[in-house]
Amino acid sequence: MSSIPKILFIPVFALILWIRCTPQPAAPDIEVEALPIDEDQTLHATVFTFDEEVDLINPTFLRIVNEEYLVVLDGRDENLFKVFRLPDLEFLYSWGRMGPGPDEFQSLSSQKFEAIGDTVILRSAFPAKLSYYTVTDTAFVLVDERTIPEMNMQIAYPSLTRIHDSLFVASYGLFEQTEFEYAAIVPGLDEIQYNFGKYPETHLEGREKFEKYLKMFVGKPDGSRIMAFYYGYDQLKLFQSSGEPIRWVQISDPYHDLVDGEARFRGFGDASGEYIFILGFHLTNSAEVTMDDLDSIRFSLEVWDWEGQPVHRVMLDRQAMVFAISERYGMLYGFSLDDNSEIYRFDISHLFGDHQQAES
């Protein structure tokens with residue numbers, strides 16, 4: 001049986017009015033010092049390689065489903081999804097193909113999908129909708145479909161992120177002229193419901209502003225909070241799921257350098273009920289490099305709590321550019337842009353334990 005809860009519709013007009021009346025800070029309100037990096041605590045990956053049966057060609061995204069499966073989106077026309085059993089990545093099957101026929105996808109996003117319980121949520125552009133599939137040992141089973149606002153340049157749809165079942169959030173797109181950074185979307189409704197989170201004060205507009213303030217955000221699994229972090233600014237933002245700001249954190253960090261002549265601080269992120277896990281970028285020397293020169297960049301795993309405080313920081317020995325966290329097994333699963341045929345597994349169980357012991 002699917003674990004999808006029924007839609008809990010938000011009293012939209014009252015919420016819009018309340019958000020507009022809520023003060024939105026224009027600058028960071030607290031400063032936090034980043035944790036030091038202990039080179040002796042570098043995490044070393046177990047590397048999984050696969051034979052021709054798996055045929056992993058171009059992985060673009062992955063999610064943990066129900067703490068049973070690792071589902072990998074493979075950017076191709078057929079065998080779109082690869083399903084592995086946790087924790088040792090036993091390959092189960094491939095599923096899905098692009099095309100106009102029944103049970104095929106005409107415009108599936110190749111950049112991201114969501115997972116909640118035993119269900120994955122896939123986004124299509126034409127028509128604009130979310131499709132909900134239960135994942136089993138042998139197949140994906142369609143259980144629900146819900147409309148979302150039509151694709152346009154107003155919304156950066158690759159950023160669409162589930163916060164809870166009646167709320168998804170996306171960044172405003174390249175050409176939207178707005179002081180707000182985020183748009184709230186309710187599945188089943190065809191219009192953006194409200195905006196929140198103001199941009200920092202800037203003279204930039206349109207595409208320049210969008211590219212300068214590229215960010216990623218994650219939702220707390222209970223649907224109560226959102227954390228946003230910029231790729232090129234050492235800052236974090238915390239919001240209630242209603243859009244009410246909690247705090248805007250300026251991070252003081254001596255380990256960060258320049259990439260492509262500009263700062264590149266953080267990349268991908270994932271979240272659990274207690275922590276946010278974020279990929280950090282670091283250069284191996286002080287020279288400027290490009291993101292194409294991945295050998296000159298090292299990667300760390302930053303762990304933050306939902307109050308915006310740092311908890312752990314360790315180096316990774318592999319370029320896990322996209323990853324997912326298994327709380328049950330205490331593992332991080334990820335892949336690199338360098339070798340698309342491999343999946344990495346890092347044991348992070350001690351990160352949970354150390355913090356729990358420190359609090360007890």
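Refer to the structure presented above.
Summarised in this report is the structure supplied together with it. (Residues numbered from 1 in each chain as written. Predicted model: local features only at pLDDT ≥ 70, side-chain atom pairs only at ≥ 80, totals over all residues. Heavy atoms only, no water.)

### Side note on the sheet that holds strand 17 (residues 235-240)
Stage number 1. Taken in spatial order, the five strands line up as 1-18-17-16-15 in an open sheet, and their pairing is mixed. With partners counted over all chains shown, the strands left at the sheet margins are strand 1 (30-33) and strand 15 (215-219), one partner each. Geometrically, the sheet is characterised by an average inter-axis angle of 25 degrees between neighbouring strands, direction not taken into account.
Stage number 2. Here strand 1 runs beside strand 18 (residues 245-252); their pairing, made up of four bridges, is parallel. If you follow V32 over to strand 18, its bridge partner there is I251. (Pairing = 2+ DSSP bridges. Helix = DSSP H or I, 4+ residues; strand = E, 2+ residues; numbered from the N terminus. Axes fitted to C-alpha atoms, helices over the stretch in contact; angles between N-to-C directions.)

### Quick notes on the pattern of salt bridges
Pairing is possible between side chains of opposite charge, provided their charged atoms come close.
Stage number 1. Using the criterion set out here, one finds 21 salt bridges in the structure.
Stage number 2. A salt bridge links E114 to K112, with the shortest nitrogen-to-oxygen separation between them at 3.9 Å.
Stage number 3. In this structure K112 comes out as buried when scored by relative accessible area, which is 11%.
Stage number 4. Within this structure, D234, D253, R266, E302 and R313 form a network of salt bridges that share partners. (Salt bridge = Lys/Arg side-chain N within 4 Å of Asp/Glu carboxyl O. Buried < 20%, exposed > 50% of the residue type's maximum accessible area, 1.4 Å probe, protein only.)

### Notes on the environment of V120
Stage number 1. Tracing the backbone through its elements, the reader meets V120 in strand 8 (residues 119-124).
Stage number 2. Taking the relative accessible area as the measure of exposure, V120 reaches 0% and is therefore buried.
Stage number 3. Once the C-alpha coordinates of V120 and I64 are considered, the two residues, 56 residues apart in sequence, prove to be 9.4 Å apart.
Stage number 4. The residues touching V120, leaving out its near neighbours within four places in the chain, are V65, F113, E114, A115, S131, Y132, Y133, V135 and F140. (Contact = heavy atoms within 4.5 Å.)

### What to know about the pairing of strand 25 (residues 322-326)
Stage number 1. Judged by how many residues are buried, strand 25 sits mostly within the fold: five of five residues are covered.
Stage number 2. The alternating pattern of strand 25 places V322, A324 and S326 on one face and F323 and I325 on the opposite face, and all of these are buried.
Stage number 3. Two elements, strand 25 and strand 26 (residues 331-335), share five bridges in a ladder whose sense is antiparallel. Directly across from V322, in strand 26, lies its bridge partner F335.
Stage number 4. Hairpin remark: strand 25 followed by strand 26, antiparallel, with four residues in the connecting loop; positive phi at G330, about 65 degrees.

### Topic: the packing of aromatic side chains
Stage number 1. Enumeration according to the criterion identifies 24 aromatic pairs in this entry.
Stage number 2. Measuring from centroid to centroid gives 5.6 Å for Y182 and F239, while their planes differ by 75 degrees, and the two rings are edge-to-face. Pair noted here: Y182 is in strand 13 (residues 180-185) and F239 is in strand 17, with a separation of 57 residues, a long-range link.
Stage number 3. In this structure F239 comes out as buried when scored by relative accessible area, which is 4%.
Stage number 4. In this structure an aromatic cluster arises from ring pairing among F61, F81, Y93, W95, F105, F113, Y133, F140, F268 and F323. (Phe/Tyr/Trp six-rings, centres within 6.5 Å; stacked < 30°, edge-to-face > 60°.)

### Notes on the nonpolar core
Stage number 1. Counting 74 residues, the largest nonpolar core has L70, F81, F140, L301 and I348 as the members making the most contacts within it.
Stage number 2. With six residues, the top contributor of residues to this core is strand 22 (residues 275-283).
Stage number 3. Other than its neighbours up to four places away in sequence, F140 contacts V71, F81, V83, Y93, W95, V120, Y133, T134 and V135.
Stage number 4. Judged by nonpolar contacts, the second largest core, of 14 residues, contains L130, I148, L160 and A170. (Core = buried A, V, L, I, M, F, W, Y, C linked by side-chain atoms within 4.5 Å.)

### Some details on the sheet that holds strand 6 (residues 90-97)
Stage number 1. Pairing is antiparallel in the open sheet, where four strands are placed in the order 3-4-5-6. A strand with exactly one partner marks an edge of an open sheet, and here the two such strands are strand 3 (59-65) and strand 6. Across the sheet, the axes of successive neighbouring strands diverge by a mean angle of 20 degrees, strand direction being ignored.
Stage number 2. Where strand 3 lies against strand 4 (residues 69-74), six bridges are found, and the strand directions are antiparallel. The partner of R63 across the bridge, within strand 4, is V71.

### Here we look at unusual backbone geometry
Stage number 1. That bond from L86 to P87 is cis: its omega, 5 degrees, falls within 30 degrees of zero.
Stage number 2. Note on placement: P87 falls in the loop between strand 5 (78-85) and strand 6.
Stage number 3. With a phi close to 50 degrees, N79 is a non-glycine residue in the positive phi region.
Stage number 4. Along the chain, the position of N79 falls in strand 5.
Stage number 5. Of note in this structure, L89 is not a glycine but carries a positive phi near 60 degrees.
Stage number 6. Mapped onto the fold, L89 is located in the loop between strand 5 and strand 6.

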